[in-house]
Amino acid sequence: NAGVTQTPKFQVLKTGQSMTLQCAQDMNHEYMSWYRQDPGMGLRLIHYSVGAGITDQGEVPNGYNVSRSTTEDFPLRLLSAAPSQTSVYFCASSLGLAGATDTQYFGPGTRLTVL
Amino acid sequence: KQEVTQIPAALSVPEGENLVLNCSFTDSAIYNLQWFRQDPGKGLTSLLLIQSSQREQTSGRLNASLDKSSGRSTLYIAASQPGDSATYLCAVRRFQGAQKLVFGQGTRLTINP
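These notes cover the structure that comes with them. (Residues numbered from 1 in each chain as written. Chains lettered and ligands numbered in written order. Predicted model: local features only at pLDDT ≥ 70, side-chain atom pairs only at ≥ 80, totals over all residues. Heavy atoms only, no water.)

Counting 23 residues, the largest nonpolar core has Leu33, Trp35, Leu75 and Ile77 of chain B as the members making the most contacts within it. Going through the elements one at a time, β3 (19-25), β4 (32-38), β5 (44-51), β7 (62-67), β8 (72-77), β9 (86-93) and β11 (107-112) of chain B are the ones with two or more residues in this core. Formed by 19 residues, the second largest nonpolar core is a distinct cluster that contains Met19, Tyr64, Phe74 and Leu112 of chain A. (Core = buried A, V, L, I, M, F, W, Y, C linked by side-chain atoms within 4.5 Å. Buried < 20%, exposed > 50% of the residue type's maximum accessible area, 1.4 Å probe, protein only. Helix = DSSP H or I, 4+ residues; strand = E, 2+ residues; numbered from the N terminus.)

Put into structure tokens, the structure is as follows:
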């Protein structure tokens, strides 16, 4: 299993540009999430999904959109990039309610800089 | 609101020492607690997960304990090695299926040869 994969690894955007961060998992996990990690702020939840076709907001959703058309993929879209969105983005997945331990697995991250 | 604190923020010890990393949380109503390791520029690797009904979990040289009533967890690393150098994060989940993990800020550990 490749686990959780994310592309790209690095990205530089100009203010106002849009882009999509890709996330995929091959573990048949129901639950997928997006976090951002900022110095001094720790990891914060952006959006999450409990299954294909179901998404919901986390604690910092503004400026981001998600969709979940398949179990495997959970892309994160930046609508109009702002310097405040400069961060490292992590995708995570877990088995969901069927998994008693509910261990979360994280991807390697995407380092985004918005100029 | 659940808050998770890890003290110290950084720790440097000589190789071979046993050490303890601390994690405290303000709300004892948790489902589980997970310890992660993060290497510079990398993602998070799950080390140990303790369910709220458990007291401890062990994996190799690592032992994690949980005291829900006092809102504390510790990660014990035995016979530390330079390869253990990384940032260690703890995170709590409020209930089964809850998507939000509440993370601590992490402890940056350096093991000196």
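More follows now that the structure is in view.
What follows is about the state of the cysteines. Residue and element names in this part refer to chain B. On inspection of all chains with the given rule, the structure shows two disulfides over all chains. With a sulfur-sulfur separation of 2.0 Å, Cys23 is cross-linked through a disulfide to Cys90. Across the S-S bond linking Cys23 and Cys90, the dihedral sits near 80°, which makes this disulfide right-handed. Within this pair, whereas Cys23 is found in strand β3, its partner Cys90 is found in strand β9, the two being separated by 67 residues in sequence. A relative accessible area of 2% means that Cys23 is categorised as buried. (Disulfide = S-S within 2.5 Å.)

So, about the sheet that holds strand β3 (residues 19-25) of chain A. All names here are of chain A. Taken in spatial order, the four strands of this open sheet run β1-β3-β8-β7, and their pairing is antiparallel. Two strands close off the open sheet at either side, each with one partner strand: β1 (4-7) and β7 (64-66). Averaged over all pairs of adjacent strands, the angle between their axes in this sheet comes to 20°, without regard to strand direction. Across three bridges, β7 lies against strand β8 (residues 76-78) in antiparallel orientation. From the neighbouring strand, Val66 faces β8, where its bridge partner is Leu76. (Pairing = 2+ DSSP bridges. Axes fitted to C-alpha atoms, helices over the stretch in contact; angles between N-to-C directions.)

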